[in-house]
Amino acid sequence: MPLAPTLRALKATEIVAHLAKLEGWTLSGDGDTLAIEKAFGFANYYQTVAFVNAVAFIAHVEDHHPELLVQPRQCRVRWRTDDVRGISLADFACAKRVDALQPEPSPG
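Everything quoted here is computed from the prediction, not taken from an experiment. (Residues numbered from 1 in each chain as written. Predicted model: local features only at pLDDT ≥ 70, side-chain atom pairs only at ≥ 80, totals over all residues. Heavy atoms only, no water.)

> An account of the overall build of the protein chain is requested, with residue identities and associated values reported.
The number of helices and strands found in the protein chain is 3 helices and 4 strands. Listing the helices and strands of the protein chain from first to last along the sequence gives α-β-β-α-β-β-α. For the protein chain, the proportion of its 108 residues judged to be buried stands at 34%. Carbon and sulfur atoms make up 57% of the accessible area of the protein chain, which totals about 6900 Å². (Helix = DSSP H or I, 4+ residues; strand = E, 2+ residues; numbered from the N terminus. Buried < 20%, exposed > 50% of the residue type's maximum accessible area, 1.4 Å probe, protein only. Areas by Shrake-Rupley, 256 points an atom, 1.4 Å probe, with all protein chains shown as cover.)

> Go over the packing of aromatic side chains, please, and point to the residues and values.
This model, assessed by the stated rule, comprises 3 aromatic pairs. Geometrically, the ring pair formed by Phe42 and Phe51 is tilted, given 4.9 Å between the ring centres and 45° between the ring planes. The structure contains a cluster of three or more aromatic residues connected by ring pairs, namely Trp25, Phe40, Phe42 and Phe51. (Phe/Tyr/Trp six-rings, centres within 6.5 Å; stacked < 30°, edge-to-face > 60°.)

> With reference to specific residues and values, describe the side chain of Thr81.
By secondary structure assignment, the location of Thr81 is in the loop between strand 4 (74-79) and helix 3 (89-99). Excluding residues within four positions of it along the chain, Thr81 makes contact with Leu7, His64, Gly86, Ser88 and Asp91. (Contact = heavy atoms within 4.5 Å.)

> Outline helix 3, listing residues and values.
One turn of the α-helix equals 3.6 residues, which is why residues spaced by three or four share an orientation. Along helix 3, the residues classified as buried are Ala90, Asp91, Phe92, Cys94, Ala95 and Val98. Buried positions along helix 3 lie against helix 1 (12-19), strand 2 (35-41), helix 2 (45-62) and strand 4.

> Explain unusual backbone geometry to me, and be specific about the residues and the numbers.
For residues other than glycine, phi is negative in most cases, and the peptide bonds are mostly trans. Positive phi is not limited to glycine here, since Asp63 has a value of about 55°. Inspection of the secondary structure puts Asp63 in the loop between helix 2 and strand 3 (67-71). Of the residues examined, Asp63 reaches a relative accessible area of 58% and is grouped as exposed. Backbone geometry at Arg85 places phi at a positive 55°, although glycine is not the residue there.

> Before we move on, can you summarise the pairing of strand 3 with the specific residues and values?
Bridge count between strand 3 and strand 4: 5 bridges; the pairing is antiparallel. Counterpart to Leu69 in the pairing with strand 4 is Arg76. Where strand 3 folds back onto strand 4 in an antiparallel hairpin, the turn is made up of 2 residues. (Pairing = 2+ DSSP bridges.)

> I'd like a description of the packing of helix 2 against helix 3, backed by residues and values.
Packing of helix 2 against helix 3 leaves a shortest axis separation of 10 Å and a crossing angle of 145°. Between helix 2 and helix 3 lies a crossing whose hand is right-handed. Of the residues in helix 3, those in contact with Phe51, Val55, Ile58, Val61 and Glu62 of helix 2 are Cys94, Arg97 and Val98. Classifying every residue of the contact of helix 2 with helix 3 gives 6 nonpolar, no polar and 2 charged. (Axes fitted to C-alpha atoms, helices over the stretch in contact; angles between N-to-C directions. Left-handed = near helix turned anticlockwise from the far one by under 90°. Nonpolar A, V, L, I, M, F, W, Y, C, P; charged D, E, K, R; others polar.)

> With reference to specific residues and values, describe the pattern of salt bridges.
Summed over all chains, the structure comprises 7 salt bridges. One salt bridge connects Arg8 with Glu14, and the closest N-O pair in it is separated by 2.7 Å. Residue Arg8 is classed as partly exposed on the basis of its relative accessible area, which comes to 45%. A relative accessible area of 23% places Glu14 in the partly exposed class. Put simply, Glu37 and Arg76 hold a salt bridge, and the shortest N to O gap is 2.8 Å. Of this pair, Glu37 sits in strand 2 while Arg76 sits in strand 4, and the two are 39 residues apart along the sequence. Exposure remark for Arg76: the relative accessible area of 29% places this residue in the partly exposed category. (Salt bridge = Lys/Arg side-chain N within 4 Å of Asp/Glu carboxyl O.)

The structure is reproduced here in structure tokens:
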């Protein structure tokens with residue numbers, strides 16, 4: 001189901017509270033470019049591109065599109081909501097979905 005159209009920019013305290021619930025996500029930029037971002041690492045280019053395609057599917061379903069920096073063994077994902085000129089709940093919801101794509105590292 002696509003994200004609710006009644007999005008608003010979160011206040012700084014709200015951003016910090018939501019960010020604390022996500023592992024590895026950080027703030028980047030400032031002002032109108034403020035975003036949450038995370039780098040995901042992979043063993044090879046094929047795995048990286050498979051991840052990018054999965055993120056693209058999430059973005060399509062949610063009608064909310066991140067910035068992606070794709071490198072052979074890494075993809076950096078950046079979420080922000082242009083319509084509100086800041087970070088919204090949609091960004092955190094999508095970040096959580098992206099985190100679910102990558103399995104937890106196996107022990108040992």
